[in-house]
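The lines below spell out each chain.
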Amino acid sequence: MTLYFLVKYLHVLGAIVILGTGAGIAFFMLMAHRSRDAAFIARTAETVVIADMLFTLTAVLLQPVSGGVLMWLSSTMWSERWLMTSLGLYAVAGLFWVPVIFMQIEMRDLARKAVEQNQELPPRYFALFHRWVLFGIPGFGAVMAILWLMIAKPI
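Summarised in this report is the structure supplied together with it. (Residues numbered from 1 in each chain as written. Predicted model: local features only at pLDDT ≥ 70, side-chain atom pairs only at ≥ 80, totals over all residues. Heavy atoms only, no water.)

### Here we look at the packing of aromatic side chains
(1) Moving on: Summed over the entire model, instances satisfying the criterion amount to six aromatic pairs.
(2) Moving on: Where Tyr-4 meets Phe-5, the ring centres are 5.3 Å apart and the plane angle is 85°; that geometry is what we call edge-to-face.
(3) Moving on: These aromatic residues form a ring-pair network of at least three members: Tyr-125, Phe-126, Phe-129 and Trp-132. (Phe/Tyr/Trp six-rings, centres within 6.5 Å; stacked < 30°, edge-to-face > 60°.)

Structure below.
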């Protein structure tokens, strides 16, 4: 196995981790939310926050490194349109993903507080969840588009 293919494997693996944790987190948060059970939501959101920090953040930080090494090994130019578009979409994904982290933390904390005080989830939780969904769509969509650009290199 050449260095190029090893780095490419790690780069693709990173993309899989980002997409997989993103889809998994979205699914589990949605299922917990649909239950309206504050304790279930608190436990799920706690796990989601840990998973995002452990898996997604690690992959997000390593993707530019492995991508940069791939560019260097393959003599890819920064001016290639598919690459510039991918990097722009990566920035878009980050702009939507970072606030989502803080939303998840606050939703977790609101659910915990509701459980501790034996109360219903507050309106702030539902507003955050709605915003979380709205931010997740373009954030996840940008990552899906990047994956397509990496594979197809159409432009």
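### Concerning the nonpolar core
(1) Moving on: Ile-25, Met-29, Ile-41, Met-107, Leu-121, Tyr-125 and Trp-132 are the most contacted members of the largest nonpolar core, which totals 20 residues.
(2) Moving on: At the level of elements, helix H1 (3–35), helix H2 (38–74), helix H3 (81–116) and helix H4 (123–152) are the ones that each hand at least two residues to this core.
(3) Moving on: Look past the residues within four positions of Ile-25 in its chain and what remains in contact with it is Val-48, Ala-51, Asp-52, Thr-56, Gln-104 and Trp-132.
(4) Moving on: By size, the runner-up hydrophobic cluster in this structure holds nine residues, among which are Leu-19, Val-60, Ile-101 and Val-143. (Core = buried A, V, L, I, M, F, W, Y, C linked by side-chain atoms within 4.5 Å. Buried < 20%, exposed > 50% of the residue type's maximum accessible area, 1.4 Å probe, protein only. Helix = DSSP H or I, 4+ residues; strand = E, 2+ residues; numbered from the N terminus. Contact = heavy atoms within 4.5 Å.)

### Structural notes on the pattern of salt bridges
(1) Moving on: Tallied over the entire structure, the rule returns four salt bridges.
(2) Moving on: The shortest N-O distance in the salt bridge between Arg-124 and Glu-106 comes to 2.8 Å. Linking Arg-124 in helix H4 with Glu-106 in helix H3, this pair joins segments that are 18 residues apart in sequence.
(3) Moving on: Of the residues examined, Arg-124 reaches a relative accessible area of 36% and is grouped as partly exposed.
(4) Moving on: Between Asp-109 and Arg-108 there is a salt bridge, with its nearest N and O atoms 3.0 Å apart.
(5) Moving on: For Asp-109, a relative accessible area of 35% gives the class partly exposed. (Salt bridge = Lys/Arg side-chain N within 4 Å of Asp/Glu carboxyl O.)

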